Amino acid sequence: MATATRSQWIRRISGHDAVIFYILISVIVISMVSVNYFASTLTVGFLLIQVVPVLLIAMPMALVIISGEIDLSVASTAGLTSAVMGVLWRDSGLDIGTVMALSLLIGVLCGAFNGFLITTLGLPSLAVTIGTLALYRGLALVVIGDQKVASFPKELTSFVLSKIGNTGIPVIMIFVLVVIAFFAVLLHFTPFGRGLYALGYSPQAATFVGVRVGHAKFWLFVATGVVSSMVGVFLTLRLASAGPDNGTGLELTVIAAVLLGGVSIFGGKGNILGVVGGVLLIGTLTYALRLAKVPETALIIVTGGLLVLSVVAPSLIAWGRERIRLRRVHQNFQRQGASGANSA
Amino acid sequence: MSTVTHTPTAARSGAVKRFFTAREIPVASALVLLIAVTFILNPRFLSPQSTKDLMLNATIMVILAVGQSIVIITRNVDLSVGAILGLTAFGTGTVFDIFPDIPLVLVFVIGMTFGGLLGAINGLLVTSAKVPALVITLGTMYIFRGVLSSWAGSKQFFSGDNPKEFGNLSVDTFFGIPIITIIAVVITVAVAVFMSSVRSGRDLYAIGSDPDAARLFGIPVGGRVLSAFIATGALTGLAGVLYTSRYNSVGALTGSGLELDVVAAVVVGGVAIFGGSGTVAGAAIGAVLLSTITGALTATRVDKFWQQAIVGVLILSAIIIDRVVSLRRTRKLRVSEAKDV
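Residues numbered from 1 in each chain as written. Chains lettered and ligands numbered in written order. Predicted model: local features only at pLDDT ≥ 70, side-chain atom pairs only at ≥ 80, totals over all residues. Heavy atoms only, no water.

Colleague: Sorry if this is basic, but what is going on with the overall build of chain B here?
Modeller: Scanning chain B from N- to C-terminus turns up 14 helices and four strands. Counting the 341 residues in chain B, one finds 49% classified as buried. As displayed, chain B offers around 16000 Å² of accessible surface, 68% of which is attributable to carbon and sulfur atoms. In chain B, 25 positive and 17 negative side-chain charges are present, and the distance between their average locations comes to 11 Å. (Helix = DSSP H or I, 4+ residues; strand = E, 2+ residues; numbered from the N terminus. Buried < 20%, exposed > 50% of the residue type's maximum accessible area, 1.4 Å probe, protein only. Areas by Shrake-Rupley, 256 points an atom, 1.4 Å probe, with all protein chains shown as cover. Lys, Arg positive; Asp, Glu negative; His and termini not counted. Charge placed at Lys NZ, Arg CZ, Asp CG, Glu CD.)

Colleague: Looking at this structure, how should I read the pattern of salt bridges?
Modeller: Pairs can form between side chains of opposite charge once their charged atoms are near each other. As enumerated under the stated definition, the model contains five salt bridges over all chains in all. With its nearest N and O atoms 3.1 Å apart, the salt bridge here joins Arg325(A) to Glu322(A). Within this pair, Arg325(A) and its partner Glu322(A) are both found in helix α14 (residues 296-343), separated by three residues, close to a single helical turn. On the basis of relative accessibility, which here comes to 44%, the residue Arg325(A) falls in the partly exposed class. One salt bridge in this structure joins Asp212(B) and Arg215(B), with 3.5 Å as the shortest N-O distance. Linking Asp212(B) with Arg215(B), this pair stays in helix α10 (residues 211-216), spanning three residues, or about one helical turn. (Salt bridge = Lys/Arg side-chain N within 4 Å of Asp/Glu carboxyl O.)

Colleague: In this structure, what is going on with the interface of chain B and chain A? I would like to understand it.
Modeller: Accessible area lost upon the coming together of the parts is a frequently used measure of interface size. Contact with chain B, which involves 37 residues of that partner, is made by 42 residues of chain A. Interface area for chain B against chain A, summed over the two sides, is near 3400 Å², with a carbon-plus-sulfur share of 86%. The largest share of the area that chain B buries against chain A comes from Tyr142(B), Leu260(B) and Phe305(B), three residues that together contribute 20% of it. Inspection of the region where chain B meets chain A yields zero salt bridges. At the boundary of chain B and chain A, one finds two residue pairs in polar contact (both at pLDDT 80 or more). Elements represented by at least two residues in the side of chain B that touches chain A include exactly α5 (104-129), α6 (133-152), α12 (258-268) and α14 (306-340) of chain B. With 14 residues, the single largest contributor to the side of chain B that touches chain A is α6(B). For the side of chain B that touches chain A, a count of residues per class yields 26 nonpolar, seven polar and four charged. (Contact = heavy atoms within 4.5 Å. Buried area = accessible area lost by both parts, 1.4 Å probe. Polar contact = N/O pair within 3.5 Å; in protein donor to acceptor, adjacent residues only side chain to side chain. Nonpolar A, V, L, I, M, F, W, Y, C, P; charged D, E, K, R; others polar.)

Colleague: Would you mind showing me how to read the nonpolar core here?
Modeller: The nonpolar side chains of a soluble globular protein tend to be buried, and buried together. Val258(A), Ile272(A), Leu138(B) and Ile315(B) are the most contacted members of the largest nonpolar core, which totals 196 residues. Considering every element that reaches this core, the biggest residue donor is helix α3 (residues 41-66) of chain A, with 17 residues. Beyond its immediate chain neighbours, meaning those up to four positions away, Ile272(A) contacts Met59(A), Leu63(A), Ile180(A), Phe183(A), Ala184(A), Leu187(A) and His188(A). (Core = buried A, V, L, I, M, F, W, Y, C linked by side-chain atoms within 4.5 Å.)

Colleague: What should I look at first to understand α5(B) in this one?
Modeller: For an α-helix the count is 3.6 residues per turn, leaving residues at separations of three or four pointing the same way. Its 26 residues give α5(B) an end-to-end C-alpha distance of 38 Å, which sits within 8% of 38 Å, the value for a rise of 1.5 Å per residue. Of the residues one or two after α5(B), Lys130(B) is the one with positive phi, at around 55 degrees. (Expected span 1.5 Å × (residues − 1).)

Colleague: I tried to follow the packing of helix α4 (residues 81-98) of chain B against α12(B) on my own but got confused; where do I start?
Modeller: For any two helices packed against each other, the geometry is given by the interaxial angle and the distance between the axes. All names here are of chain B. Two numbers describe how α4 lies on α12: the axes approach to 7 Å, and their chain directions differ by 120 degrees. Considered as vectors, α4 and α12 are oriented oblique to each other. Taken together, the residues of α12 that come into contact with α4 (itself represented by Val 81, Gly 82 and Leu 85) are Leu 258, Glu 259 and Val 262. For the contact of α4 with α12, the residue count by class is four nonpolar, one polar and one charged. (Axes fitted to C-alpha atoms, helices over the stretch in contact; angles between N-to-C directions. Parallel < 35°, antiparallel > 145°, perpendicular 65-115°, else oblique.)

Colleague: How do you make sense of the environment of Gly86(B) when you look at a structure like this?
Modeller: Residues and elements named next belong to chain B. Position of Gly 86 relative to the elements: it lies in helix α4. Judged by relative accessible area, Gly 86 falls into the buried class, the value being 0%. Setting aside residues up to four positions removed in sequence, Gly 86 forms contacts with Leu 148 and Thr 254.

Colleague: Just checking my understanding: could you explain helix α13 (residues 272-291) of chain A for this structure?
Modeller: Residues and elements named next belong to chain A. In this model, α13 (20 residues) spans 28 Å end to end at C-alpha, consistent with the 28 Å of a helix rising 1.5 Å per residue. Taken across its 20 residues, α13 has 15 buried, putting it largely inside the fold. For α13, the N-terminal cap is Asn 271; the gap from its side-chain oxygen to the backbone nitrogen of Leu 273 is 3.2 Å. Looking one or two places after α13, you find Lys 293, whose phi comes out positive at around 60 degrees.

Colleague: How do you make sense of a nonpolar patch on the surface when you look at a structure like this?
Modeller: Where nonpolar side chains cluster on the molecular surface, the patch consists of Ile25(A), Ile28(A), Val29(A), Met32(A) and Val33(A) and spans about 460 Å² of accessible area. With respect to the secondary-structure elements, Ile28(A) resides in helix α2 (residues 16-34). (Patch = residues over 30% accessible without salt bridge, like charges linked within 9 Å, V, L, I, M, F, W, Y side chains within 5 Å.)

Colleague: What should I look at first to understand the packing of aromatic side chains in this one?
Modeller: For any pair of aromatic rings, geometry is given as the distance between the ring centres together with the angle between the planes. Residues and elements named next belong to chain B. As enumerated under the stated definition, the model contains five aromatic pairs over all chains in all. Consider the rings of Phe 90 and Trp 151, whose centres lie 5.0 Å apart with planes at 80 degrees: the pair is edge-to-face. With a gap of 61 residues between them, Phe 90 in helix α4 and Trp 151 in helix α6 connect regions that are remote in the sequence. The exposure class of Phe 90 is buried, given its relative accessible area of 2%. In this structure Trp 151 comes out as partly exposed when scored by relative accessible area, which is 39%. Plain terms: the ring middles of Tyr 243 and Tyr 247 are 4.5 Å apart, the flat faces sit at 35 degrees to each other, and that makes the pair tilted. On the basis of relative accessibility, which here comes to 17%, the residue Tyr 243 falls in the buried class. When the ring centre of Tyr 247 is taken as reference, the NZ or CZ atom of Arg 246 above it lies at 4.9 Å. (Phe/Tyr/Trp six-rings, centres within 6.5 Å; stacked < 30°, edge-to-face > 60°. Lys NZ or Arg CZ within 6 Å of the ring centre and 35° of its normal.)

Colleague: Looking at this structure, I do not really get the confidence of the model for chain B. What am I missing?
Modeller: Where the model shows low pLDDT, its predicted coordinates should not be examined in detail. When pLDDT is averaged along chain B, the result is 82, and 93% of the positions lie at 70 or above. Per-residue pLDDT stays below 50 along residues 1-7 of chain B; that stretch engages in one contact with residues further than four places along the chain or on separate chains. (pLDDT = per-residue confidence, 0-100.)

Colleague: What's the story with the environment of Ile57(A) in this structure? I'm lost.
Modeller: Residues and elements named next belong to chain A. Mapping Ile 57 onto the fold places it in helix α3. A residue is classified by how much of its surface remains accessible, and Ile 57, at 0% relative accessible area, is buried. It is 18 Å that separates the C-alpha atoms of Ile 57 and Ala 101, two residues lying 44 residues apart in sequence. Ignoring any residue separated from it by four or fewer positions in sequence, one finds Ile 57 in contact with Val 74, Val 227, Ser 228, Val 231, Leu 250 and Val 254.

Colleague: Mind showing me how you'd approach the environment of Ser80(B) here?
Modeller: Mapped onto the elements of the fold, Ser80(B) is located in the loop between α3 (48-73) and α4. For the pair Ser80(B) and Phe194(B), spaced 114 residues apart in the sequence, the C-alpha separation amounts to 24 Å.

Colleague: So what exactly am I meant to see when it comes to a positive patch on the surface here?
Modeller: On the surface, Arg328(B), Arg329(B), Arg331(B), Lys332(B) and Arg334(B) cluster together to form a positively charged patch. Of note, Arg334(B) is situated in helix α14.

Colleague: Would you mind showing me how to read the side chain of Asp71(A) here?
Modeller: Residues and elements named next belong to chain A. Here Asp 71 shows up in the loop between α3 and α4 (74-91). Among the polar contacts made by the side chain of Asp 71, one reaches the side chain of Ser 73 at a distance of 2.7 Å. Apart from the residues within four sequence positions on either side, Asp 71 is in contact with Met 61, Val 64, Asn 114, Thr 129, Phe 221, Thr 224 and Ile 255.

Colleague: Even after reading the chapter, I still don't get the packing of α3(A) against helix α12 (residues 250-260) of chain A, so can you show me in this structure?
Modeller: All names here are of chain A. Orientation of α3 relative to α12, taken along the N-to-C sense of each, is 65 degrees, at an axis distance of 9 Å. Relative to α12, α3 is oriented roughly perpendicular. For the pair α3 and α12, the crossing hand works out as right-handed. The segment α3 lies against α12, with Pro 53, Val 54, Ile 57, Ala 58, Met 61, Ala 62 and Ile 65 engaging Leu 250, Thr 253, Val 254, Ile 255, Ala 257 and Val 258. Tallied by class, residues from the contact of α3 with α12 come to twelve nonpolar, one polar and no charged. (Left-handed = near helix turned anticlockwise from the far one by under 90°.)

Listed below in structure tokens is the structure:
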């Protein structure tokens, strides 16, 4: 019994998420010592506000990937939301609260459309969301053209950038934490969430044990759409500008961070803590290197290298372990053979 | 066995039927329809100059789509093609910068070898780590792009820096067809023949339908997948060289964001995203269709902002058509198998 909990502990402190957090902490410590200006509250503010979009979308994305699907249309959904928000604010005369609520509805619709194509028609999510990636970004262009809307209320745009007292932590982080907590509870402490793991391992098996596969997937895509919309609203307010190209390219950054956080692209594996670690690691590393005046170009090499390493390393370790195990089995077998010969 | 009693007429109708149920038919008819409608609305759409532009615009995309379809058929994907194209295009500019008098053939060889090497990196990582290509090539996409940015910095090569005969490849025509388009067509035909009638090409389909079954059957899956990635890299390298000939400048940003367009073209061309079916020709037609839309919209004076939305609709309809056709086919198969018993 005692040994079981001990091995559990060992597993917990040597697992993938733990390793991500060790690397994250070392990056922070090294940067604090060696990079000028890193150890300040300004850092906390800039860094956190920078990672908000990726952190938010990474939450539902982790659930989607755990259930064995993928959503590439997130950044386009954010862009379409931003475009609609801009046009509504400019032309409709509604107050900003209503405009934001209507913009979030865009995310519901985009997600539901993805979900409908994937669950009702049974199409592969990779192909569908490549299609809606183009479609939603295209609709954003149709809605707003190449114009920008920048006349948002000052109070709101400065609120988004405001900090909690002297800590440097952006106020918006409270909201982000609520979203993270929501998805963490949903994934780890509800039957729905645990069903997603089953779904990722084997949809057939999940159906047999009573998971409503189509239903679950549909709502996951709606959730991804809504959160992407929130990011669209956030980006619009942060940049104080609504345009068709807000959030371009975000989809691959989010997926890279989620996979770095230990979620398996095959589905069935991963957790929220690891994903948060993955997002923060990429964010911190980028910020520290940028502050150390490492050229922007080296940053993407680091991101890509981390991603490849994080997926290749486990296979290499598993391969090495297998070799050792085989050798041991081989030796045991020989020894047994020898002792058997003696006793006979 | 139902196949024994084929009469000649049945065989002929079978061939006709096969032609009309081919995966390329929906996308090819969409292309013909697009060109016809645009031509009726604006006859200048098919003037010699505009036709030449249409072909030139499609060329690079066709080669990229042909290359991408090879890996997609093996149930893999290569997201790093935009970065590979950027690297080889900038490499071509560099080669001309250092050796201005280098024979053109050698430039093509260098570009394809360079692309092939980058593809080999992808292939080795995918086959050795046994991790989906989507993840690996997402990583190498960032790495290659980063390498290109640090290599190129703010430096750019302009078409004026290259030898004139190299630039002329995208200007000169042969029976009205630009030279680089002819190269693309030859490549497409060669790859199509290889994929449909050479054994190792057929192996790629087997791997894509069911990797485990292919392995049981004795196909060297790892080696074939590695070669597929090398081929994709080499073709992307070729596209990179042609890009340098076609466009005014190459630099750090060349080819960025191209990867999803290429995958989209392949999917529109009827290649199933999870491998095992679809043809190189279909992918090539898909690429032509997507690149023609831009020209068609301009010619019919449709607001240019609609272009990307239409591309999205096309991709979705391609997937839906594919799904409907394959559902109907399995149902028919089930019926005919039931009759066989």
